Amino acid sequence: MKPAAGSPMRSVAVALLTLLVAGCGFQLRGAPPVSSALQPLAVDCSDNVPEQLCNGVREQLDLGRIELKPAQEADFVLKIRDFSEDRRASAITVRAAADEITLRYAVDVEVLTADKIPLIEPTNLTSSETFRYDESNVLAKQREEDDLQQKLYDRLAQQVIFRLAPIDQDRIERMRRQAEDARREDTEPSS
């Protein structure tokens, strides 16, 4: 059998396209990489933070090959605190029933070095989504809401990773120097 005409050319084109896409830094969906300078890292979630959110952050970090350790063994600690959930009717039917529901999740995050130098000051992250509510099909809408909740947890986890992405070794060293300078200024007597 004779190979199809153009198949070597097609292979070369696919290989060139693959190299081009890889060379430009293209990544499939997901969060940007977290610097290896943040290793080992501890993820410390307060009791009110849903397990799905904490696990989502850990999974993202694990995919990024960030070494995770308990807080007492880590050089850096990612604190996830003060989770809040807001569920509101955003549209009402003529019978005064909810027609659309808006879910809004919020959480505070901060990153500290082992010696308590803040790399990310406490920051509030939010994610929200609106869905149509049909009171005649409550079971299906509950499943839709459950899926939506997981989607919101995933979005918040990605936002956490986006906050960690710019922290590299240079930034860590710069923050350490600034903290040391501030401590020195606080301890020096004023003239």
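A brief look at the structure comes next. All values reported here derive from a predicted model rather than from experimental measurement.

Counting secondary structure elements, the chain contains four helices and four strands. Mapped from its N terminus to its C terminus, the chain presents α and β elements in the order α-β-α-β-β-β-α-α. In the chain, of all internal contacts separated by at least 6 residues, the share reaching a separation of at least 24 is 71%. Surface summary for the chain: the accessible area is close to 12600 Å², and the carbon and sulfur share equals 50%.

Moving on, we come to the packing of aromatic side chains. According to the stated counting rule, one finds three aromatic pairs in the structure shown. Relative to Tyr105, the ring of Phe83 has its centre 5.2 Å away and its plane inclined at 65 degrees; by these criteria the two rings are edge-to-face. With a gap of 22 residues between them, Phe83 in strand β2 (residues 76-92) and Tyr105 in strand β3 (residues 98-113) connect regions that are remote in the sequence. Residue Tyr105 is classed as buried on the basis of its relative accessible area of 0%. Between the aromatic rings of Tyr105 and Tyr153, the centroid separation amounts to 5.2 Å while the plane-to-plane angle is 25 degrees, which identifies the pairing as stacked. Of this pair, Tyr105 sits in strand β3 while Tyr153 sits in helix α3 (residues 138-164); the two residues are 48 residues apart in sequence, bridging distant segments of the chain.

The end-to-end C-alpha separation of helix α4 (residues 169-187) is 27 Å, in line with the 27 Å expected for 19 residues at 1.5 Å each. By the burial criterion, the buried members of α4 are Ile172, Met175 and Ala179. Taken around the axis of α4, the buried residues stretch over an arc of 65 degrees, which confines them to a single face. Residues Asp170 and Glu185 are exposed on α4 and point more than 90 degrees away from its buried face.

Conventions adopted
Residues numbered from 1 in each chain as written. Predicted model: local features only at pLDDT ≥ 70, side-chain atom pairs only at ≥ 80, totals over all residues. Heavy atoms only, no water. Helix = DSSP H or I, 4+ residues; strand = E, 2+ residues; numbered from the N terminus. Contact = heavy atoms within 4.5 Å. Areas by Shrake-Rupley, 256 points an atom, 1.4 Å probe, with all protein chains shown as cover. Phe/Tyr/Trp six-rings, centres within 6.5 Å; stacked < 30°, edge-to-face > 60°. Buried < 20%, exposed > 50% of the residue type's maximum accessible area, 1.4 Å probe, protein only. Expected span 1.5 Å × (residues − 1). Arc of directions from axis to C-beta.

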